[in-house]
Amino acid sequence: MPVIPVAGAERFANLPASPEETRRIVGDSLRLHDVDQATVDALDPLTYEVIRHRLTSITEEMGEALKRMSGSVVVTDCNDFDAAIMDEVGDVVQVGLYNTELAASLDMAANWTLRERCARPGIGPGDMFLCNDPWVGGGLHQNDVSLFAPLFVDGELFCWTGAVAHQVDLGGVSPGSWSVGGSDVFWESLPTPPVKIVEGGEIRTDIEDVWLRRSRVPKLVALDLRAKIGANNVAHERLRALCEKYGAGTVKAVMRRTMDDAESRLRAKLRELPDGSWTSVAHQDSARSGDRGIYKIVLKLTKDGDRLVFDFTGTDAQVDGLINCTFAGLRGGIMPVVLTMLCGDIPWACGGIYRCIEIISESGTINNATFPAGVGKASVASAWATMNVTTECLAGMLDTHPEHRKRLMSVCCGTWDFALLAGVDQRGLGFVTMLCDSMAGGLGARSDSDGVDTGGLAPIPMGRVADVEMNEFAFPMLYLWRREEADSGGPGRFRGGVGASSCFLPYDSPLGGVHLVVSAPGKALPLANGLSGGLPAGTQHDVLLRGTDIAAQFAAGRIPGSLAELSGSTDLLPAHHETDLGPDDVYYTHWQGGGGYGDPLLRDPVAVAADVVAHKVSPRGAEEVYGVVLDADYATDLDATTTLRAALRRSRAGVDDKEIPA
Amino acid sequence: MAYVIGIDIGGTFTDAFAADEHGKVAGVKTPSTPPDFSQGFLTVLDELAGSLGTTTEDLLADTHYIVHGTTSTLNALVTGDVATVGFLTTRGHADSIAIMNLEGRYAGLGADQVQDMVRTAKPAPLVPPRLVREINERIDHKGSVVVELDEDGTRTAIRELVAAGAQAIAVSLLWSFRNPAHEKRIGELVAEEAPDAYVALSCEVSPRIREYSRSATTIMNTQVGPRLRDYLRPLEAELRSRGFEGSLLVMQGSGGCVDSADAPSRAITTIGSVLTGGVVGCTRLASELGHRNVISTDMGGTTFLAGLVVDGEPVSTTSTVLNQHQLNVPMVDVHTIGAGGGAIAWVDSGGNLHVGPRSAGARPGPACYGEGGTEPTVTDVDLLLGIVNPDNFLGGRKQLSKELAAESVRKHIAEPLGLSVDDACAAVYAIQNAQTADLVRKVVVTSGHDPRDFVLYAFGGAGPMHCASYAADLDVSEVVVPLGPTAAVFSAYGLAASDIVLTAELSAPSNFPVEPEVFNGAFAGLRRELESRLSAQALRFSEVAYRNEVDMRYTMQLAEVATPVPTGELDAADLDAVGASFGQRYEQLYGRGSGFAEAGLQLITYRTQAVGVLPIRPTLGAVEQSSGDAQPTSQRRVFLDARRGWQDADIYDYGVLAEGHELKGPAVVEAPTTTVALPEGCVGRVDRLGNLVIRYTQA
Amino acid sequence: MSVFIDENLEQDDAGLVSCRHCSARVGVAADPLRDARVRESAPRTAGPSVRAEASNFTDREVVFRQAFCPECLTLLQAEIVPADEPSFRIRSLKLVGA
Ligand SMILES: [Zn+2]
């Protein structure tokens, strides 16, 4: 069914507004605090550094508070959340080191709220606004729920703080709000534009009921709402004390200068790099269950002097399915890479960093989709693909510079391997959970070293996976293994980090089995490309074995170490799938590594041998891809390797008849 | 006569403190002697005897026990000089120590390093793949056997590991804390196949849920156990040969000590051995001074350590991070936050001034040392601001160069920022103090407390130069600078005043409340284990106390909170009270309304701590009382507060101060091992034990 | 003065792009791989990292496309993409002074 335009949706199709435009719209309905440039210029280095450090410290405290109070594994164990301090119009002054993808569009949501809510219902002290509308911002798909709060000082709106986290279920057709069969947003969780859920410091119970009613796990969502309230409260208490001590004008001047500083330092770095353009593409296979299409996002990044233009012209039109993302998602795909690869040593003040960036994108494309396109998995679909293509282009730009190339990575784990389990747990209680093992993806290779094996995901500097024991305690499952997978890291002179796999069966549920939702592309083609002749990482690989002999093997004292050791029928799962697992069914999910860097035939043969010993590369991979010959003890045969490499060099290029000087 | 002795061996200095039961005390300091630290141990004993006016033989003959804080375990792990360990684990899960829950890529790193994500990396796996074997066996979350232990396969694996060079074997199987049968059987098989190998079982070292940190803890324990044994055995023999008949005790990270015979089997508990002495010292001094809540700050040349004492007890944590590995080791919660006096001040590419976190370390050290350091450090700034007397640094042991310090500040800070050298120094001093306040505040707040309820103690060479400023930012009620006989050897004093502390724990995750019999049974088991270990310590205790706690959480939340539990048999109503007390503790930590009781409670881990109180507690004697006002020995220009600029300050020699003396800021007190800065608005008073107590008369 | 485009390629003032390993001409600024030797093969030829045939998941043909230095045959660029798509991957440095 084609997407039919919805009249009235345009009001929510948010685009960032300038501070001047925002002030004009707000007009007299609300007093916005401001500070003149003279005060910013007059800041002494001492006051600036002291207050800047304190703002960083406050952001960390917000993150800590949210993490400790939350009830979602994705928050507490996987750090799939973030927090930020924004100025009075929503520009981000400081973002936490958690999932930066989420925080990249908080500014849009706060700014929209200012413009659209200042008159009615009004914005006052103690208010907090909740939002999970990806068109407005504040998150990338409906599961990303943001709560942002204006801080008033002396009757003026001084600044905003915001917290955002992934919620495990907010309704929609499939558990986890991951409607793999969906064709548009109406199959998914209902997007909620900014709503004043906390008024004058108290939760509005009527609004909260409306909010929670949609979820399969309302208690969990209620708990996380309180966690976000707590995070904002912590920040407000600290910011108020800061304003009392130094004066609101001085604190604001520091906020302005923090953003100016990030901007000017990024511009200075850009000026050190040659001008040029870097074009690339990122793919996704399958937009919904049953779909066999492949979709592309094309990016031409142009660096001219001290600015970057991201031009997505040529990107495919939005599709029926759940993989599109909104403009907020597109920004969420760009910012994490800008932060990690360009701003490793620059303050993460996105408000200043965005000033160096221009985005050209046509509305109605898969990474700038219009309502009511399906965007239910946007964060790990088109937003993620945007991140992959941004990684390639920015890495290409950095590769030209002898110093800055040390901070490039090839594309990291090409997507999120989504596996959702739902059912009744071993204690007889209903549960819905997203398995977060695939947080341990491989990172992309660097220009001078290998990518980190099972090192995480590109936008989350501090990801984490739960222990097998914690998962087996919390959910009705039993693992056969969780292990790194050989050859999953993109081959190269420097190898991409390997991904890993988990293999488990339903265990100890009173129902016997569990419900499973699978959503993971990268099966028809790999998603994490290599650089400078490095090869892509491996493909995603999910296999469901039906009716195995696992019980008999256990009874016989054996734990299968591979799928081949199990009997039963083998289902190679497509990218999107929803099914039930029975007690004798075994599910195997293998997520991706990072792309490689440089020609694999140039890799140090000793490093290849070490990789084989450590199960990072298979003997077959060592021979076929790296051209390294090993003896029985996995030591390198250097002469045989030289011969094999010379032969491979010819055969892989299809020139078997031509002599190449060694 | 009956002495107790504390000996603290750090990387640079070996400190000793002795006290007898009548209040006679002595403290001495000598250089450490790596790699054989026991040399310094024996030397410092000689000096201690000399200081007490006796011979080493007489001193040792009269000593009941020596409490030893040792860096040897930590040092072995940091330098990698450890036993070669073979690792046995459940089939399918060998990669747990390589995956490291992925957090191994950044665990324990500072925010600036985490932000520079592209340059982060995991450490090498604790055991290389060639020394790891997977065993066919499986136990489930209830403790039921799913797959029987493959004994033949296990024997083969053990033989292979030994053939591959393993000197010690670590065993960590899934769910072994629920059902230790397979691990214990493997322990027997190792004894048969490799009778000489040191072996550690995770169900004994760390019976706590979460296999990655349990395995890491067990492996590290196996790596250092043999090394600690090889260090302590000859040392103890040497002491015996010199006439020592008492007990040699080893300090643990938990802030309590353990008999040296018991220490190697739980070697991993000693990794915090040298970090905790200061906090224990604060705890003892606080009890003398009647302070219930203390922030302990120890600012040395290269590190700044912060710990807390709440209600008279050190605040502890149940885990720690070492070399980016997550370990289950109960520890006094000592935070290393940023750098100490060696913290480097620098200007970034945007023209902003920063202090730390990079440190000049001991080598080359600050620019003013004249040992090749060119970047300006906090110590250089302290010198230029008139706080440090260049002729009296470390009691005159090191001459400092003002010229080199000024040159480094001018070149790296003043000129890039267009400031005078004075203003640049003032800014660095203020930034360092404000950042320290931010970090200390975070330590206090994240443990659920309000800094205003605390007294701050400041020690270490550089702490007293800054404490009046960073403490002011925290709104603490007063600041204590320990300056009595313990000053130079504060950690060693803490060791001499410590107790035997043993901890036992067991994870048994379940919904809460559990049946009272199950609950009481779990604690009875832990109690029996501790009683048998205590009786093996061969020591007389004046009292033995047991403390029980459970790690609990709300069903859907993953952050567990250690909740105290009364000892004795509890009934259902008592258990409800435990649940309520968890809720209160949770709200104290995470804020009002953060708890979500409707989700239900879960109990994850039972833990019991046994404290064997040792019969001799060092008491500190009073110093002389003052007659008349304190007399400054000189005056010099100092810059202690950016709002006030350069001021004339009175300089006092601590050696001539007495109880009751009051010193009004701006002033500087020069003591043998440190210097105390008193900005305007502070008054320092010498208390009866010779400490300087700083109060604020104005902001 | 030349600038490095990446590990394998450099570009001179005139905008000529050559191989850093053997100095062979590979292309020009606007199309740095213009003269590279391009070869397409089945994705499985990229090695054991490709776990299953693309035809299980899509009806479009997918290829492993490699671009090599025409002289020394160093691998300059590798991608696994739909066969009917051109290569979008272009690194184009602006000419200095242009
Ligand atoms: Zn070439």
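As recorded in an unreviewed UniProt entry, chain B goes by Hydantoinase/oxoprolinase family protein and comes from Modestobacter muralis.

*Asks:* So what exactly am I meant to see when it comes to helix 9 (residues 211-241) of chain B here?
*Replies:* Residues three or four positions apart in an α-helix share a direction because the helix packs 3.6 residues into each turn. With 31 residues, helix 9 of chain B extends 44 Å between its outermost C-alpha atoms, agreeing within 8% with the 45 Å of an ideal straight helix rising 1.5 Å per residue. The largest bend along helix 9 of chain B measures about 30 degrees and falls at V224(B), with the proline P226(B) one to four residues further on.

*Asks:* I tried to follow the coordination of the zinc ion on my own but got confused; where do I start?
*Replies:* All names here are of chain C. Protein coordination of the zinc ion is provided by C19 (SG), C22 (SG), C69 (SG) and C72 (SG), with donor distances spanning 2.2 to 2.3 Å. With 4 donor atoms in place around the zinc ion and angles of 97 to 114 degrees between them, the coordination shape is tetrahedral. Counting gaps between the donor residues of the zinc ion yields the pattern C-x2-C-x46-C-x2-C. Within this pair, whereas C19 is found in strand 3 (residues 16-19), its partner C69 is found in the loop between strand 6 (62-68) and strand 7 (75-82), the two being separated by 50 residues in sequence. Residues C19 and C69 agree in their burial class; the two are buried.

*Asks:* Honestly, the interface of chain A and chain B in this entry has me stumped. Any pointers?
*Replies:* Size of an interface, as often reported, equals the accessible area lost when the parts are brought together. Counting residues at the interface gives 89 residues for chain A and 79 residues for chain B. Between chain A and chain B, the buried area comes to about 7,100 Å², and carbon and sulfur atoms account for 56% of it. Counting the surface chain A buries against chain B, the share from its top three residues, E469(A), F473(A) and I559(A), is 11%. Counting across the chain A and chain B interface gives 13 salt bridges. Among the salt bridges present, the one from R214(B) reaches E469(A), with a minimum N-O distance of 2.6 Å. At the surface where chain A touches chain B, the tally comes to 44 residue pairs in polar contact (both at pLDDT 80 or more). At the level of secondary structure, the elements contributing two or more residues to the side of chain A that touches chain B comprise helix 3 (45-69), helix 4 (73-76), helix 8 (218-246), helix 9 (248-271), helix 10 (327-342), helix 13 (468-474) and strand 14 (477-484) of chain A.

*Asks:* Would you explain the sheet that holds strand 29 (residues 634-639) of chain B in this entry?
*Replies:* Strand pairing in a sheet takes place through backbone hydrogen bonds and is either antiparallel or parallel in direction. All names here are of chain B. Taken in spatial order, the 4 strands make up an open sheet running 29-30-32-33, and their pairing is mixed. Of all strands in the sheet, those bounded by a partner on one side alone are strand 29 and strand 33 (675-678). Averaged over all neighbouring strand pairs, the angle between strand axes comes to 30 degrees, with direction disregarded. When strand 29 meets strand 30 (residues 646-653), the two strands line up antiparallel, connected through 6 bridges. Of the residues in strand 30, the one forming a bridge with F639 is W646.

*Asks:* I tried to follow the interface of chain A and chain C on my own but got confused; where do I start?
*Replies:* Contacts between chain A and chain C engage 60 residues on the former and 47 residues on the latter. Summed over both sides, the interface between chain A and chain C buries roughly 4,500 Å², with carbon and sulfur atoms accounting for 53% of that surface. At the boundary of chain A and chain C, one finds 6 salt bridges. One salt bridge in this structure joins E7(C) and R493(A), with 2.2 Å as the shortest N-O distance. For the pair chain A and chain C, the number of links is 33 residue pairs in polar contact (both at pLDDT 80 or more). Those elements that place two or more of their residues in the side of chain A that touches chain C are strand 8 (276-285), strand 9 (294-304), helix 12 (382-398), helix 16 (619-624) and helix 17 (638-653) of chain A. Tallying contributions element by element places strand 8 of chain A first for the side of chain A that touches chain C, with 7 residues. Class assignment of the residues belonging to the side of chain A that touches chain C gives a composition of 22 nonpolar, 20 polar and 18 charged.

*Asks:* Help me understand empty space enclosed by the protein, please; the structure alone is not making it clear to me.
*Replies:* The gaps of empty space that remain are located by a probe, the size of a water molecule, rolled over the atoms. Residue and element names in this part refer to chain B. Enumeration over the complete set of coordinates arrives at 15 cavities of 30 Å³ or more. Each pocket or cavity is described by its volume, and for the largest cavity that value is around 280 Å³. V205, R266, T269, P330 and T503 are the residues nearest the centre of the largest cavity, which is lined by 21 residues in total. For the lining of the largest cavity, the secondary-structure elements that each account for two or more residues are helix 8 (202-205), strand 25 (500-512) and helix 16 (516-535). Looking at the lining of the largest cavity, the element that brings in the most residues is strand 25, giving 5 residues. Classifying every residue of the lining of the largest cavity by side-chain character gives 8 nonpolar, 8 polar and 5 charged. Empty space within the second largest cavity amounts to approximately 150 Å³.

*Asks:* Please explain the sheet that holds strand 17 (residues 541-546) of chain A as it appears in this structure.
*Replies:* Residues and elements named next belong to chain A. With respect to topology, 5 strands assemble into an open sheet ordered 14-15-20-17-18, the strand pairing being antiparallel. The sheet is open, and its two edges are formed by strand 14 and strand 18 (569-572), each paired on a single side. Sheet twist, expressed as the average angle between the axes of neighbouring strands with direction ignored, equals 15 degrees. In terms of strand pairing, strand 17 meets strand 18 through 4 bridges, oriented antiparallel. Across the sheet, residue R546 finds its bridge partner in strand 18, namely S569.

*Asks:* So what exactly am I meant to see when it comes to the state of the cysteines here?
*Replies:* Here is the idea: a disulfide is a covalent bond, and it sits between the sulfur atoms of two cysteines. Residues and elements named next belong to chain A. Going through the model one piece at a time under the given rule, you end up with 0 disulfides over all chains. Sulfur of C393: no disulfide; nearest cysteine sulfur belongs to C412 and is 15 Å away. The class for C393 is buried, based on a relative accessible area of 1%.

*Asks:* Hey, could you run me through the confidence of the model for chain B in this one?
*Replies:* For any part of a model where pLDDT is low, the fine detail of the predicted coordinates should not be relied upon. Residues of chain B with pLDDT of at least 70 account for 97%, and the chain-wide mean is 90. Among the prediction metrics, the complex's ipTM stands at 0.97, with pTM recorded as 0.92.

*Asks:* Please clarify how the packing of helix 3 (residues 72-79) of chain B against helix 9 of chain B should be interpreted in this entry.
*Replies:* The packing of two helices is summarised by the inter-axis angle and the distance between the axes. All names here are of chain B. Contact geometry of helix 3 with helix 9 gives a least axis separation of 9 Å together with a crossing angle of 130 degrees. The angle between the axes of helix 3 and helix 9 places the two elements in the oblique class. Once helix 3 is placed against helix 9, the crossing between them reads as right-handed. Each of S72, T73, A76 and L77 in helix 3 lies in contact with helix 9, whose residues at this interface are M220, Q223, V224, L228 and Y231. Looking at side-chain class alone, the contact of helix 3 with helix 9 contains 6 nonpolar, 3 polar and no charged residues.

*Asks:* Is there a simple way to explain the nonpolar core in this structure?
*Replies:* Looking at soluble globular proteins, one finds that nonpolar side chains tend to be buried together. Of all hydrophobic cores here, the largest spans 323 residues; its most connected members are V338(A), F41(B), F519(B) and Y606(B). Looking at this core element by element, the count peaks at 12 residues for helix 8 of chain A. With sequence-adjacent residues up to four places away left out, Y606(B) is seen in contact with A504(B), E505(B), L506(B), A508(B), V514(B), V518(B), F519(B), A522(B), F523(B), L526(B), E549(B) and V550(B). Judged by nonpolar contacts, the second largest core, of 77 residues, contains L353(B), V388(B), L663(B) and V669(B).

*Asks:* Can you help me understand the arrangement of the chains in this one?
*Replies:* The pair of protein chains exhibiting the most contacts, out of 2 pairs of chains in contact, is chains A and B. One finds no contact between chain B and chain C; the C-alpha atoms of the two approach each other to within 18 Å at their closest.

*Asks:* Would you take a moment to explain the side chain of E670(B) for this structure?
*Replies:* Turning to its location among the elements, E670(B) is positioned in strand 32 (residues 667-670). E670(B) gets classed as buried once you look at its relative accessible area, which sits at 12%.

Calculation notes
- Residues numbered from 1 in each chain as written.
- Chains lettered and ligands numbered in written order.
- Predicted model: local features only at pLDDT ≥ 70, side-chain atom pairs only at ≥ 80, totals over all residues.
- Heavy atoms only, no water.
- Helix = DSSP H or I, 4+ residues; strand = E, 2+ residues; numbered from the N terminus.
- Expected span 1.5 Å × (residues − 1).
- Bend = angle between axes of the 7 residues up to and from the residue.
- Donors = N, O, S within 2.8 Å, 3.2 Å for Na, K, Ca; no water.
- Tetrahedral: all angles 85-135°; square planar, octahedral: opposite > 155°, others 65-115°.
- Buried < 20%, exposed > 50% of the residue type's maximum accessible area, 1.4 Å probe, protein only.
- Contact = heavy atoms within 4.5 Å.
- Buried area = accessible area lost by both parts, 1.4 Å probe.
- Salt bridge = Lys/Arg side-chain N within 4 Å of Asp/Glu carboxyl O.
- Polar contact = N/O pair within 3.5 Å; in protein donor to acceptor, adjacent residues only side chain to side chain.
- Pairing = 2+ DSSP bridges.
- Axes fitted to C-alpha atoms, helices over the stretch in contact; angles between N-to-C directions.
- Nonpolar A, V, L, I, M, F, W, Y, C, P; charged D, E, K, R; others polar.
- 1 Å grid on protein atoms, 1.4 Å probe; cavity = no way out; pocket = protein on both sides within 12 Å on 5 of 7 lines; lining within 4 Å.
- Points joined across faces, edges and corners; volume = space filled by probe spheres on them.
- Disulfide = S-S within 2.5 Å.
- pLDDT = per-residue confidence, 0-100.
- Parallel < 35°, antiparallel > 145°, perpendicular 65-115°, else oblique.
- Left-handed = near helix turned anticlockwise from the far one by under 90°.
- Core = buried A, V, L, I, M, F, W, Y, C linked by side-chain atoms within 4.5 Å.

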